[in-house]
Amino acid sequence: MKVLVIGSGGREHTLVWKISQSPKVDKIYCAPGNAGIAELAECIDITPDDINGLAGFALSDQIDLTVVGPELPLVEGIVDLFESRDLRIFGPSRQAALLEGSKVFSKEIMLKYGVPTAGAEIFSSFEKAKDYIQAKGAPLVVKADGLAGGKGAVVCHTLDEALKAVEAIMQKKIFGESGKRILVEDCLFGEEASFIVFTDGENIVPMASSQDHKRIYDGDKGPNTGGMGAYSPAPMITRDLSEKIMQEIIRPVVNGLASEGRPYKGVLYAGLIITDEGPKVIEFNVRCGDPESQAVIPRLKNDLIDIINDIIDGRLSARSLDWDERPCVCIVCASDGYPGSYQKGKLISGLQEFSNAKDIILFHAGTKLSGQEIMTDGGRVLGVTALGKDIKETIDKAYQAIEKIDFEGIYYRKDIGYRALEKGAIKR
Ligand code: AMP
Ligand code: GLY
C-alpha cells in the first residue's frame, strides 16, 4: 500500500520510521517532510495547511492511507475533506478536532462531562477580562481560544504580566482571530504529564506513558517550548494513576464527544497537571505529542498500520498493544535562540556515525538537504533518541550520541529524564 504522512517535524519522522517497518507498506510519501524523512519517504512539496492540495495529491497518486501529524490540518477539516472524496485518512473529524482548535469548546466539554480541569472564565471583551483579572489577582493563566502554534497560553505570575498578555492577545491581536476570545484560567500546581491514547470513538487503548520537558532551560526554567525532550515510561504515571486518568478524564471526554455527535477517532493527548487533588486537564491535543512520540513509538512492538486500520474501521478493542520493556529517551537538539528567533542553514556534522547504530535513532525535525549536506532549518533540529536497559543507561547513551553531533549554536538540555531518575523506573 501507499501511505502519505503529513508534517515535517520529529513526530512525523517517527511516524514515517515506524510505518516504514510495516510489511504492508510499499511506498511512503511525506508532505513536506525533512532531510531525515527523505531517507525513508518521497517528500512532496505541499504544506500541511493546504488541505485541498493534499487531497488532490492523494487522489491523483492513489494513496491508500493518509496519516496526519500536526493539528492544523485536522482543525481545518482535512479528515472530512478526504472522507468526502473516499480517501482513507487517520485522525479526528473537524468537529472532534475542535477539542484542540478551541480552548473554549474544550473547557465547555470538560465542564459538561465533569472532567477535572482548571477553573476558568471566558471573555470576548477586553474590558471585562481586565476587570476580572484585576479583581482576581495573580497567578493566573491567560489563553487564546484558537490555535496559536503552541504559544497561546501565558502563565502570569503578576497582575502586570496578565494584563499585558490580555492586551497582546485581544488588542494587539498577536494570534489574529485565535485571540478573539480568551480564557482566564486558575493556575494549577504540580508535575505535568502527557497521557496519550488511541481511540476509535468508543474503544480506548492508552499508549505507554511519557513525560515531556517543556521549558527551555535545565531544571524546567525559562520560557515554554514545543518540548525539549521526553522519556517513556514516566514513573510518575503509576497503574493506579493511569486508571484514574482513564476513568475521570479520557473516557468521559470520548463518551461525551460521541454523545454530542462528534465521535473522536485517532490519537487523543491530554496535557495534565497532577495536583494534590488529583490529575487535572490543562489542554487536549488531537494528535501525537512531539517529542513524546519519539520516546513512545520506538517502544511500540505492534504494526502501527494495523492499529490505524482498526481505529478507522472502529474495531480497536480487538487488539491490545505490546510495548518494548526497555525505556526510551529523546533529547532535542535546538538552534541557539529557540524558542525566540534563531538562525537556520547551519551545517550538521556527525550524523553518518549513526547510520547503523543499534538502539540510537536520530529523528530529524528542522533539517533540510542542501546538495549532499544536511543543514539546520528550524528551532528544534534533531531528536537524539536511545533505547536502553534502564533509564540511567538510556539517558547516558543518548547524551553520548549527542557528543558526536554538532552544528553552530547547538543547544540541548542536560537534564532530560531527571525526574525518572529520581523516582526510579516503574514499568507499564
Ligand atoms: P497549553 O498551551 O495549554 O498546553 O499550555 C502551555 C503550558 O502552560 C503548559 O504546558 C503548562 O506548563 C502551562 N499551563 C497551561 N495551563 C496552566 C494552568 N492552568 N496552570 C498552570 N500552568 C498551566
Ligand atoms: N510536547 C507537547 C506537544 O506535543 O504539544
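Residues numbered from 1 in each chain as written. Chains lettered and ligands numbered in written order. Predicted model: local features only at pLDDT ≥ 70, side-chain atom pairs only at ≥ 80, totals over all residues. Heavy atoms only, no water.

1. A look at the pairing of strand S21 (residues 373–376)
As a general feature of sheets, a regular strand has side chains that alternate between the two faces.
Then step 1. Where strand S20 (residues 367–370) meets S21, four bridges bridge the pair, whose relative direction is antiparallel. Opposite threonine 367, over in S21, you have threonine 376 as the bridge partner.
Then step 2. Between the end of S20 and the start of S21, which pair antiparallel, lie two residues, with glycine 371 showing a positive phi angle near 65°. (Pairing = 2+ DSSP bridges. Helix = DSSP H or I, 4+ residues; strand = E, 2+ residues; numbered from the N terminus.)

2. Quick look at the site of ligand 2
Then step 1. In the vicinity of ligand 2, the contacting residues are Asp212, Lys214, Gly226, Tyr269, Asn285, Arg287, Gly289, Asp290, Pro291 and Glu292.
Then step 2. Between ligand 2 and arginine 287 there is a distance of 2.9 Å, counted from an oxygen atom to a side-chain nitrogen or oxygen.
Then step 3. In this structure, a nitrogen atom belonging to ligand 2 sits 2.9 Å away from a main-chain N or O atom of aspartate 290.
Then step 4. Residue classes in the shell around ligand 2 are distributed as two nonpolar, three polar and five charged. (Near = heavy atom within 4 Å. Polar contact = N/O pair within 3.5 Å; in protein donor to acceptor, adjacent residues only side chain to side chain. Nonpolar A, V, L, I, M, F, W, Y, C, P; charged D, E, K, R; others polar.)

3. Topic: the site of ligand 1
Then step 1. Around ligand 1, 16 residues are found, and the nearest of them are Glu185, Asp186, Leu188, Glu192 and Glu283.
Then step 2. Between ligand 1 and the protein, one listed contact pairs a nitrogen atom with a backbone N or O atom of leucine 188 at 2.8 Å.
Then step 3. Measuring from an oxygen atom of ligand 1, one finds a side-chain N or O atom of glutamate 283 at 2.7 Å.
Then step 4. Contact with the protein chains covers 94% of the free accessible surface of ligand 1, which is 480 Å².
Then step 5. Among the secondary structure elements, those contributing two or more residues to the shell around ligand 1 are strand S7 (140–144), strand S8 (153–156), strand S9 (182–186) and strand S17 (278–285).
Then step 6. A per-class count over the shell around ligand 1 returns eight nonpolar, one polar and seven charged. (Areas by Shrake-Rupley, 256 points an atom, 1.4 Å probe, with all protein chains shown as cover.)

4. Quick word on the nonpolar core
Then step 1. Counting residues in each nonpolar core, the largest one holds 77 residues, and the members touching the most others are Ile78, Leu99, Ile250 and Phe284.
Then step 2. When residues of this core are assigned to their parent elements, the largest contribution, eight residues, is made by helix H9 (residues 239–259).
Then step 3. Non-local contacts of leucine 99, meaning those with residues more than four positions away in its chain, are made with Phe105, Ser106, Ile109, Val253, Leu257, Leu268, Phe284 and Val286.
Then step 4. Cys30, Val267, Tyr269 and Leu304 belong to the second largest nonpolar core, which has 33 residues in total. (Core = buried A, V, L, I, M, F, W, Y, C linked by side-chain atoms within 4.5 Å. Buried < 20%, exposed > 50% of the residue type's maximum accessible area, 1.4 Å probe, protein only. Contact = heavy atoms within 4.5 Å.)

5. Points about the sheet that holds S9
Then step 1. Ordered in space as S6-S9-S7-S8, the four strands form an open sheet in which the pairing is antiparallel. Here the strands that pair on one side only, and so sit at the sheet edges, are strand S6 (120–123) and S8. For this sheet, the mean angle separating the axes of adjacent strands, direction not counted, is 20°.
Then step 2. Both S6 and S9 contribute to a ladder of four bridges, which runs antiparallel. Paired with isoleucine 122 across the two strands is leucine 183, which belongs to S9.
Then step 3. Strands in contact with helix H8 (residues 159–171) are S6, S7, S8 and S9; relative to S7, the strand with the most contacts, it is inclined by about 5°. (Axes fitted to C-alpha atoms, helices over the stretch in contact; angles between N-to-C directions.)

6. Quick look at the packing of aromatic side chains
Then step 1. Inspection of the entire model under this criterion finds six aromatic pairs.
Then step 2. Between tyrosine 29 and phenylalanine 57, the ring centres sit 5.3 Å apart and the planes meet at 75°, which makes this aromatic pair edge-to-face. A residue pair is termed long-range when its members are at least 10 positions apart, and tyrosine 29 in strand S2 (residues 27–32) and phenylalanine 57 in helix H2 (residues 51–60) qualify at 28 residues.
Then step 3. When its relative accessible area of 12% is taken as the criterion, phenylalanine 57 is described as buried.
Then step 4. The interplanar angle of 85° and the centroid separation of 6.5 Å between the aromatic rings of tyrosine 217 and tyrosine 411 together place this pair among those described as edge-to-face. Taken together, the positions of tyrosine 217 in strand S13 (residues 215–217) and tyrosine 411 in strand S23 (residues 410–411) put the pair 194 residues apart, joining distant regions of the chain. (Phe/Tyr/Trp six-rings, centres within 6.5 Å; stacked < 30°, edge-to-face > 60°.)

7. Focus on the packing of helix H7 (residues 126–136) against H8
Then step 1. The N-to-C vectors of H7 and H8 enclose an angle of 170°; their axes lie 10 Å apart at closest approach. Our classification of the angle between H7 and H8 gives roughly antiparallel. Seen from above, H7 lies across H8 with right-handed handedness. Contact residues: Phe126, Ala129, Lys130, Ile133 and Gln134 in H7; Leu159, Ala162, Leu163, Val166, Glu167, Met170 and Gln171 in H8.
Then step 2. Within the contact of H7 with H8, the residues separate by chemical class into eight nonpolar, two polar and two charged. (Parallel < 35°, antiparallel > 145°, perpendicular 65-115°, else oblique. Left-handed = near helix turned anticlockwise from the far one by under 90°.)

8. Observations concerning the sheet that holds S17
Then step 1. Pairing in this open sheet of four strands is antiparallel, and the strands run S11-S10-S16-S17 from one edge to the other. The sheet is open, and its two edges are formed by strand S11 (204–206) and S17, each paired on a single side. Within this sheet the neighbouring strands show an average axis-to-axis angle of 35°, counted without direction.
Then step 2. Summarising the sheet, strand S16 (residues 266–275) and S17 pair through seven bridges and their orientation is antiparallel. Bridge pairing in S17 places threonine 275 opposite glycine 278.
Then step 3. The strands touched by H9 are strand S10 (191–199), S11, S16 and S17; relative to S17, the strand with the most contacts, the crossing angle is about 45°.

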